Amino acid sequence: MLTIELKGRIDTANALVVEKEIEEQITADAVTGLVFDCKELKYISSTGLRIILKYKKMYDNLELANVSGDVYSVFEMTGFSRIMTIRKALRTISIAGCKEIARGGVGIIYRLDNDTIIKVFPKECGMDIPERERKMAQEAFVLGMPTAIPYDIVLVEETGSYGLVTELIAAGTLGAAINQNRENYRHYARMFGELLRNMHSIKVPQDTLPDAIVIQTGDIDKIARHFKPEQVELMKFILSKIPQGYSLLHNDCHPKNIMIKGEAGNQELILIDMGEVSYGNPLVELSHTSSTFHMGDGFEQIVGFPESMSNDFWIEMLKAYLETDNEDIVNEYDRIISAAAIVRSISWVALGSFPQEVIDGVRKIADERLWPNREYYISIANKFAEYFPGS
């Protein structure tokens, strides 16, 4: 891939000179692909656009990189952004002194200021990861998910990695609100349950978002080398018994990935961290959330309040979600959800690069909880459709 810098202005006056310089660089190399670095490009006329179009016809994988906002507007207005890869110049942001508000397998979220948060991705993540999350957040918002839309991909000074900036006015995490008002946990749990129920009532058109079961099955394939073949087969069997659904799913829904804004009596919950948004059966979402609430070590750091409150909060949330206070019904649904959650308790390590001790921890779950109870999990999986029929 050959990179050629475009500088200053490209217009009728100098177009022939610019084209000749490009030709000289191309003929000097065996070129299989072309990138125009536009970091120092200030202006481009229609004559310059025709030069770029010429090379797009020659190199289908042509990219324009580091494009300024003004120049990008020209490419967008003329339709070039629809026929080739154009990457805007990224601004650099410092997170020095910023407070961490949430942490997951693929990134840490910090508050930049009162109005803005940033998700910082690991250094090994390419541009495609934040770009994909940005697009999925937009799709989810249009479908009706209560979320703030990420609006800018940036470079993070301290990590040298990408960040995704989101405007979120005067909001704190639901986890922090629960921790500060523990006596009101039932109120917050019911808000959480209603949020999930309302979100799952939204049906997603096919091909709009990824299929949650396809993603999680792929996660199992990614980590299969760490487990016995029979354990992998059992996890895939459990997933296969979840009926197909088309509900809108966040799939990483816990109190630190939910922001709460507004005054008491008029509060609104807003979802953040959209890297796993998808569609599917609500059981997938609930199993993911259940695995978080029953994770044990590290619960408070991930969720935001003490582990001693986790089960009470989870049960209250289920009551709101199921719209019942009948404890027998709630406990039975909890049992069904827990059987699906065992897979998420293991497959989540596919989300990033984790040290060996973390891998050993999930292998222990497979060895001590999953496989010895194989017949139990198979029997419960065969009941999934009774409690969570497809849609």
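Here, every reference points to the structure presented above.
Residues numbered from 1 in each chain as written. Predicted model: local features only at pLDDT ≥ 70, side-chain atom pairs only at ≥ 80, totals over all residues. Heavy atoms only, no water.

1. Details of the overall build of the protein chain
Operational definition: The helix and strand labels rest on DSSP assignments: H or I over at least four residues marks a helix, E over at least two residues marks a strand, and numbering proceeds from the N terminus. Residue burial is assigned from relative accessible area. The probe radius is 1.4 Å, only protein chains are included, and a residue is buried under 20% of its type maximum, exposed over 50%, and partly exposed in between. Throughout, a contact is declared for two residues whenever any of their heavy atoms are within 4.5 Å. Values of accessible area rely on a 1.4 Å probe in the Shrake-Rupley scheme; residue burial ignores everything except the protein chains shown.
The helix and strand inventory of the protein chain stands at 15 helices and 15 strands. Dimensions of the protein chain, computed from C-alpha atoms along their principal axes, come out at roughly 80 × 50 × 40 Å. Looking at the protein chain residue by residue over its 391 residues, the buried ones come to 50%. In the protein chain, once contacts between residues fewer than 6 apart in sequence are set aside, the share between residues at least 24 apart is 71%. Taken as a whole, the protein chain presents about 18,600 Å² of accessible surface, with 48% of it coming from carbon and sulfur.

2. Some details on the pattern of salt bridges
What counts here: By definition, a salt bridge exists where a carboxyl oxygen of Asp or Glu is found within 4 Å of a side-chain nitrogen of Lys or Arg.
Scanning the entire structure with this criterion turns up 22 salt bridges. A salt bridge links K7 to E5, with the shortest nitrogen-to-oxygen separation between them at 3.4 Å. Residue E5 is classed as partly exposed on the basis of its relative accessible area, which comes to 46%. The partner of E316 in a salt bridge is R190, and the shortest N-O contact between them spans 3.7 Å. With E316 in helix 11 (residues 310–322) and R190 in helix 6 (residues 185–200), the pair connects residues that are 126 residues apart, well separated along the chain. A relative accessible area of 9% means that E316 is categorised as buried.

3. So, the nonpolar core
This is how it is decided: The set of buried Ala, Val, Leu, Ile, Met, Phe, Trp, Tyr and Cys residues whose side-chain atoms join them within 4.5 Å is what this entry labels a nonpolar core.
F192, F313, I346, L370 and F384 are the most contacted members of the largest nonpolar core, which has 77 residues in total. Looking at this core, the element that brings in the most residues is helix 12 (residues 327–347), giving nine residues. Contacts of I346, omitting those with residues within four sequence positions, involve I223, F227, M235, V362, I365, A366 and L370. Grouped together as the second largest cluster of nonpolar side chains are 28 residues, V18, I44, I51 and F80 included.

4. Focus on the pairing of strand 10 (residues 162–167)
Rules: Whether two strands pair depends on DSSP finding at least two bridges between them.
Of the pairings in the sheet, the one linking strand 8 (residues 116–120) to strand 10 comprises five bridges and is antiparallel in character. Of the residues in strand 10, the one forming a bridge with K119 is L164. Summarising the sheet, strand 9 (residues 150–156) and strand 10 pair through five bridges and their orientation is antiparallel. For P150, the partnering residue across the bridge sits in strand 10 and is T166. Between the end of strand 9 and the start of strand 10, which pair antiparallel, lie five residues, with G160 showing a positive phi angle near 70 degrees.

5. A short note on the sheet that holds strand 3 (residues 63–67)
Which entries qualify depends on this criterion: Axes here refer to lines fitted to C-alpha atoms; in helices the fit is confined to the stretch in contact. Angles between the N-to-C directions go from 0 to 180 degrees.
With respect to topology, four strands assemble into an open sheet ordered 1-2-3-4, the strand pairing being parallel. At either margin of the open sheet sits one strand with a lone partner, and together these are strand 1 (2–10) and strand 4 (85–88). Strand-to-strand, the axes of this sheet are offset by a mean angle of 20 degrees, without reference to chain direction. Packing against the sheet, helix 1 (residues 15–27) makes contact with strand 1 and strand 2 (34–44), and its axis sits at approximately 170 degrees to strand 1. Its contacts with the sheet place helix 3 (residues 69–77) against strand 2, strand 3 and strand 4, and it is angled at close to 110 degrees to strand 2.

6. What to know about the packing of aromatic side chains
Heads up, the condition is: Any pair of Phe, Tyr and Trp rings, taking the six-membered ring for Trp, is counted once the centres come within 6.5 Å. Such a pair is stacked with planes under 30 degrees apart, edge-to-face with planes over 60 apart, and tilted for the rest. Note on geometry: a ring has a charge over it if NZ (lysine) or CZ (arginine) is within 6 Å of the ring centre and within 35 degrees of the ring normal.
All chains considered together, the criterion is met by 15 aromatic pairs. Consider the rings of F192 and F313, whose centres lie 6.1 Å apart with planes at 45 degrees: the pair is tilted. Here F313 lies in helix 11 and F192 lies in helix 6, a separation of 121 residues in the sequence. Just as F192 is buried, F313 falls in that class too. With 5.5 Å between their ring centres and 5 degrees between their planes, F293 and F313 make a pair best called stacked. On the criterion of sequence distance, the pair formed by F293 in helix 9 (residues 282–293) and F313 in helix 11 is long-range, its members being 20 residues apart. Taking the relative accessible area as the measure of exposure, F313 reaches 0% and is therefore buried. Each member of the aromatic cluster is reached from another via a ring pair, and the members are F192, F293, F299, F305, F313 and W314. We note R9 situated over the ring of Y43; from NZ or CZ to the ring centre the distance is 4.2 Å. Lying over the aromatic face of Y72, K88 brings its terminal NZ or CZ to 4.7 Å of the ring centre.

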